[in-house]
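An overview of the molecular structure
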Amino acid sequence: MIVTNPLFWFALLVIGVVIFAVILKKQELLNNTYVAVAVSLLIAVAYFHLVDHYLMDMQGLDYWYLFRK
Amino acid sequence: MGGLTRKKLWSIVALGAMIGLLLLPTIMLLPTIMSLPALAGGGGAPAAGGPPPDVAKPADAAAGKDAGPKVEKGRDVYYKTEGIVTGAPAPKTADNSQFYPRYNFESRVLLWFANQQHLYYGSFVLAVPIFCMIIEFMGIVSKDRAMAKKYDQLAYDFIKISLTAYSLTAILGGILIFTFLTLYPAFFGYLSSIFRPVMHVYALMFVAESGTIYIYYYGWDKMKEGLLKWIHVSMSVVLNVIGTVLMMLANSWIGFMMSPAGVDEQGRYLGNIWHVIHTALWNPLNVHRILGNMAFGGGVVAAYAAYRFLASKTDEERAHYDWMGYIAMAIGVAFLIPLPFAGYWLMREVYAYRQQMGITLMGGLLAWLFIIQATMIGILFLSSNYYLWQALGRMRGAEKYQRYIKYMVFVLVVGFLIFITPHTIVMTPAELKAMGGQQHPVLGNYGVMSAKNGGINVIITTTVLTFIWYMRGNKLSTVSWAKFGNIFMGVFFACAYVNIIWLAIYGYYIPANVRVGLSVPQVATTLSCLFFMTALNGVMMRGAKQMGPIEWGKISVRSQYALIMLATAFTWMMGLMGYIRSSVRLFWHVNEIMRDNSPWAYTHTTGFAANMISFNVLFFWVTILFVFWLGTLGVKKAPVEAKVPIPGRAPEPAVGH
């Protein structure tokens, strides 16, 4: 079941950014394809969930409508 | 020394004259501003449901014992505030030659033609100075002297085209006024009476615009260095401010015709000109038009460059016009990308203002025109992408992207086909029976907004991706995190596509009142790609290794036809959207205030409208070609001097000024 709490997605985004900041100092990790894909996915997925949630919320609408039913 | 001082003196005089011209309308506007009830009384926005204090005061005084002549009050049809009636009611016209003089021709078609031509030229001459401002500024801040000179020459080329078109715009404006006065005297008289407080401002702004553009153009050579150059570029800012205000004033008329405000239900002016100007649709129209004008202007200039490219005799000329076409196309497309979103906002406000109006537009009488519009938008984006793919061919190192183009074509075509799928189609009873209903069992699913929003956002995101590939075509990032950056960019785009498509599918499973909001995160997803990925690409490409120079002029001829196609599609779409916006009033001159009782107050067939639009487009292009030709007459040959080719740069412009 999908997590409908935006704080969860915000936490994921923060974790993704923190990991990126950490690996930025370690060249071998930074240029590792698997690590790069994982971190990128973490950031992008969390970011788009937040965009979806908050932009619907700003219109007074529930993005998670189907999942809450 | 003396020469320089004289130049400075003349520049300062010119600037003073320009500021004077700019201030003149403001001074002339002062009596109008002072007469505004809200401002004169120091009050703010009137509260809904009750008269504003400054309006109520004279009314109260009138109601007192020593009241003078009785003051009649009316209620604003939109703002719902009360105001003192200061105008005559909208005329009740009848189908006779007093209100609608006859000239053995459909008056509406004549007016349509005059209006459309004026609008085309008006849009062009408002957009091009904005280009000049941007390009001239780029030239000033450029550290590369050769590039600075090229930018300066390009800005000059742009304004030169604009100047000839400017005269034609003024002539067409005059023709338009005469057409109104001759064919629709009652309507024009009423509209003029409503906008009387700002009519003179419009005229004076036009004078200021003319003065500024001439000083700007003729002062180019005299103000080409140092502080004077900055003064010159500031003049372009002033020029564009005037142009934008002019456009916004003109928009207030069409805004008033569609969504009147500041008048009572009989159409009587209530003394607040700001209410008349600031109607429900004014701001969306302003934003939509300024973006549309820029995209259109970019298209026309790109077509001009393509025409000159195709007619070029030398490689040097070809290089210059190839570069010019690219810059114009890039500016045009930069404004094309947000244009659908501005259009969406406008439609949203139309629905908010009158739901029926929105339904007439997108779900009723005019819905088929929106299918044509969708087709045109698709053509615009396909042409832009095609041009950029062709342009990759003039860069060494860009070959690596060529193999992905076929996938992008696939994505674009799928998005395009979904975007243009109609909800229902016109059918014979036999066809209806064979299909089992009004909607096709499979394709019918794509005829709803959920799918269409997905389709257009996929198209725009793909265009952004093409642009980014073009920007990095001949470059190799040298930053230490280049691999991570590339992967991040790929993942971000992939997730954006998934999010857009997911939201489109999700829309089918939730109620309409929730579904309608999904378009906003879809747009935000596309804009995230545009802003974040362009910025990321810019950072990654800073100090990048050049794989080879951009070989300006070495581009296929097909690409130039794509530019001409782009410009023609812009022109056609502008004509179409203007017709749609105007037609939505149906049988009203001013919506729900002044009825159109002429014999032509009906909606034309789609076929007739398309023919009329095509005629307008053809006429515009024939006349603008004449303008282009005139522009070439004044070109002097560049002085013959030693030119050192700079690797990776286009040769110096072939024309001088």
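Residues numbered from 1 in each chain as written. Chains lettered and ligands numbered in written order. Predicted model: local features only at pLDDT ≥ 70, side-chain atom pairs only at ≥ 80, totals over all residues. Heavy atoms only, no water.

Notes on empty space enclosed by the protein
Residues and elements named next belong to chain B. Under the counting rule described, the total for this entry stands at 2 cavities of 30 Å³ or more. Quantified by volume, the second largest cavity comes out at close to 90 Å³. Lining the second largest cavity are 14 residues, and of these Leu-126, Ala-127, Ile-130, Gly-243 and Thr-244 sit closest to its centre. The residue makeup of the lining of the second largest cavity, split by class, is 9 nonpolar, 4 polar and 1 charged. (1 Å grid on protein atoms, 1.4 Å probe; cavity = no way out; pocket = protein on both sides within 12 Å on 5 of 7 lines; lining within 4 Å. Points joined across faces, edges and corners; volume = space filled by probe spheres on them. Nonpolar A, V, L, I, M, F, W, Y, C, P; charged D, E, K, R; others polar.)

Observations regarding the packing of helix 16 (residues 405-420) of chain B against helix 18 (residues 449-471) of chain B
Residue and element names in this part refer to chain B. Interaxial distance between helix 16 and helix 18 falls to 8 Å at its minimum, and their mutual angle equals 150°. Considering their axes alone, helix 16 and helix 18 lie roughly antiparallel with respect to each other. In this structure, helix 16 meets helix 18 at a crossing whose hand is left-handed. Across the interface between the two elements, Met-408, Val-411, Leu-412, Gly-415, Phe-416, Ile-418, Phe-419 and Ile-420 from helix 16 touch Ala-451, Lys-452, Gly-455, Ile-456, Val-458, Ile-459, Thr-462, Leu-465, Thr-466 and Trp-469 from helix 18. Its residues assigned to classes, the contact of helix 16 with helix 18 comprises 13 nonpolar, 4 polar and 1 charged. (Axes fitted to C-alpha atoms, helices over the stretch in contact; angles between N-to-C directions. Helix = DSSP H or I, 4+ residues; strand = E, 2+ residues; numbered from the N terminus. Parallel < 35°, antiparallel > 145°, perpendicular 65-115°, else oblique. Left-handed = near helix turned anticlockwise from the far one by under 90°. Contact = heavy atoms within 4.5 Å.)

Here we look at the side chain of His53(A)
All names here are of chain A. Structurally, His-53 can be placed in helix 3 (residues 33-57). Among the residues examined, His-53 registers a relative accessible area of 10% and is labelled buried. For His-53, the side chain forms a polar contact with the side chain of Trp-64, separated by 2.9 Å. Once residues within four sequence positions are removed from consideration, His-53 is found in contact with Pro-6, Tyr-63 and Trp-64. (Buried < 20%, exposed > 50% of the residue type's maximum accessible area, 1.4 Å probe, protein only. Polar contact = N/O pair within 3.5 Å; in protein donor to acceptor, adjacent residues only side chain to side chain.)

Digging into unusual backbone geometry
Residues and elements named next belong to chain B. A positive phi angle, close to 65°, is found at Lys-80, a residue other than glycine. Relative to the elements of secondary structure, Lys-80 occurs in the loop between strand 1 (73-75) and strand 2 (82-84). Residue classification places Lys-80 among the partly exposed residues on the basis of a relative accessible area of 40%. Here Glu-592, not a glycine, exhibits a phi torsion of approximately 65°, which is positive. Structurally, Glu-592 is set in the loop between strand 5 (588-590) and strand 6 (594-595).

What to know about the pattern of salt bridges
Residue and element names in this part refer to chain B. Here the structure, examined in full by the defined rule, presents 14 salt bridges over all chains. Measuring nitrogen to oxygen at the nearest pair gives 2.8 Å for the salt bridge that ties Lys-229 to Glu-136. Of the two residues, Lys-229 is situated in helix 8 (residues 226-258) and Glu-136 in helix 4 (residues 107-141); the sequence distance between them amounts to 93 residues. Judged by relative accessible area, which is 7%, Lys-229 ranks as buried. Between Glu-551 and Arg-396 there is a salt bridge, with its nearest N and O atoms 3.2 Å apart. (Salt bridge = Lys/Arg side-chain N within 4 Å of Asp/Glu carboxyl O.)

Functional significance is not addressed by these values, which are geometric in nature.
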